[in-house]
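Breakdown of the fold
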Amino acid sequence: MGAIIYQKAEAEPWPLPREVPRIYVQMVRPQDESVAEIWYSSNAVRYESTGTTTIAHDGEYLFVATGFTEKGDQLEVQTERLYLETFRLLDRLAYTTICRIWNYVPEVNQDDRNGHERYKVFCSGRSKAFTQYFPEADTEFSAATGIGSMGGDVGVVFLAKKAGEVIHLENPEQTPAYFYPEQYGPRSPSFARATYARSQVGRGYHIFVSGTASVIGYESVHQGDITRQVETSIDNINTVVSAINLNAYGINSGHGAHSLSSVKVYIRHERDFATVKALCERHCPNRPIAYLHADICRSDLDVEIEGVAY
Ligand code: 3EB
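Remember, predicted model here, so these are calculated numbers, not experimental data.

1. A word on the nonpolar core
- Core analysis: the largest hydrophobic core is formed by 65 residues, its most contacted members being Ile 4, Tyr 6, Met 27, Tyr 83, Phe 208 and Tyr 266.
- The contact partners of Tyr 6, leaving out residues within four places of it in the chain, are Val 25, Met 27, Val 28, Ser 34, Val 35, Glu 37, Tyr 104, Lys 264, Tyr 266 and Leu 292.
- Core analysis: the second largest hydrophobic core is formed by 30 residues, Ile 234, Leu 279, Cys 284 and Tyr 291 among them.

2. Comments concerning the site of the ligand
- The environment of the ligand is made up of 13 residues, and the closest members are Tyr 119, Arg 126, Tyr 180, Arg 193 and Gly 211.
- Between the ligand and Arg 126 there is a distance of 2.7 Å, counted from an oxygen atom to a side-chain nitrogen or oxygen.
- Take Tyr 180: an N or O atom from its side chain is 2.7 Å from an oxygen atom of the ligand.
- Burial of the ligand by the surrounding chains reaches 100%, relative to a free accessible area of 360 Å².
- Secondary structure elements with two or more residues in the shell around the ligand: α2 (118-133) and β8 (143-149).
- Of the residues forming the shell around the ligand, the biggest block, three residues, is contributed by β8.
- When its residues are assigned to classes, the shell around the ligand shows seven nonpolar, three polar and three charged.

3. What about helix α3 (residues 226-240)?
- Taking 1.5 Å per residue as the helical rise, α3 with its 15 residues ought to reach 21 Å, and the 21 Å between its terminal C-alpha atoms agrees with that figure.
- Where α3 is concerned, the buried positions are Ile 226, Gln 229, Val 230, Thr 232, Ser 233, Ile 234, Asn 236, Ile 237 and Val 240.

4. Focus on the pattern of salt bridges
- Taken as a whole, this structure holds 13 salt bridges when the rule is applied.
- Among the salt bridges present, the one from Arg 29 reaches Glu 270, with a minimum N-O distance of 3.6 Å. Residue Arg 29 is located in the loop between β2 (22-25) and β3 (35-39), and its partner Glu 270 is located in the loop between β15 (261-267) and α5 (273-283); the two are separated by 241 residues in the primary sequence.
- Arg 29 gets classed as buried once you look at its relative accessible area, which sits at 9%.
- Of the residues examined, Glu 270 reaches a relative accessible area of 37% and is grouped as partly exposed.
- A salt bridge links Glu 60 to Lys 161, with the shortest nitrogen-to-oxygen separation between them at 3.5 Å. Of this pair, Glu 60 sits in the loop between β5 (53-57) and β6 (61-68) while Lys 161 is found in strand β9 (residues 154-161), placing the two residues 101 residues apart along the sequence.
- By relative accessible area, Glu 60 is classed as buried at 10%.

Each value, and the rule that gives it
Every chain begins its residue count from 1, and numbering advances along the sequence as written. Selection of residues for local features in this predicted model requires a pLDDT of at least 70, selection of side-chain atom pairs for listing and counting requires 80 or more, and totals for whole chains, interfaces and linings are taken over all residues. Side-chain numbers here rest on the full set of heavy atoms in the structure, without hydrogens or water. Nonpolar cores were defined as sets of buried Ala, Val, Leu, Ile, Met, Phe, Trp, Tyr and Cys residues, with membership established by side-chain atoms within 4.5 Å. Using a 1.4 Å probe on the protein chains alone, a residue whose accessible area is under 20% of its type maximum counts as buried, one over 50% counts as exposed, and one in between counts as partly exposed. Contacts are residue-level and defined by heavy atoms, with any inter-residue pair within 4.5 Å sufficient. The criterion for a residue being near a molecule or strand is simple. One of its heavy atoms has to lie within 4 Å of it. Think of a polar contact as two N or O atoms within 3.5 Å of one another; within protein, one of them needs to be a possible hydrogen donor and the other a possible acceptor, and neighboring residues in sequence only count if both atoms come from side chains. In this description, accessible areas are obtained by the Shrake-Rupley approach with a 1.4 Å probe, and a residue is regarded as covered only by the protein chains that are shown. In this description a helix means any DSSP run of H or I spanning at least four residues, a strand means any run of E spanning at least two, and both kinds are numbered starting from the N terminus. Residues are sorted three ways: Asp, Glu, Lys and Arg are charged, Ala, Val, Leu, Ile, Met, Phe, Trp, Tyr, Cys and Pro are nonpolar, and all the rest, Gly among them, are polar. Each helix should span, by expectation, one fewer than its residue count multiplied by 1.5 Å. The term salt bridge refers to a side-chain nitrogen of Lys or Arg lying within 4 Å of a carboxyl oxygen of Asp or Glu.

Next comes the structure, spelled out in structure tokens:
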């Protein structure tokens, strides 16, 4: 029903049926193959589009691929506007429960004209949209990834559900991102560590695990040590999807990094690819893992890992 395609700027568009919503993200090294993350549905899918936003929905899930070309130094207001428009769209189509968001922001660690890091500027726009649209729900956020891309437009993908059982999960070892102290930006990041979504039919579920980095409490740890950053990210994933944590939310299952699917690993430095691959193959054996070249939104961190458990 929708696709996120990681490919080089100059590459041919991925051959997909015309109506399928998609976003192209520049995160692939010149020597690597493109990667497509394709979300399927076994139900009948309806497709729609409005301007630069493309949509697919199947009666249970809705996939939105959207974004904007930046105009001047307007990242904050353009982000706020995009989020507000998407919230209205989700209301109009009646898929009001957000499960997962991916945010791709070029030059994410660069400062804007006012000397503010673009990640923090992006967080402000996103946070203002949430506060404006959901004034009563000040800690109600879904799983997300906020990550740098190597160029192009700002891209945002939303996965939302018809009302149904969704539980947003935190990691007891990490401060909720929406409570990060001021030093990480005037408006804290709007995301949960993971989102559990139960299927409307049968006993199936998905746990969407957010981009997970080497953060303990609210602090980055193991700066400059790629091995320990990977280990801490894996530990954080293990904690958030563990039986102990899920049971605390009334969810009767348990997972670990080893049982994640659709694993994506974002790596800041080319020189770290081999090390990170070896570690991830050990922690998530026998499953396809995409390794992407991206700036992590905290400038002192060099790796981030995400996936889906079900
Ligand atoms: C962190 O733990 C690392 O701003 O949407 C991870 C996942 C991170 C999502 C976001 C940021 C975001 O704070 C960074």
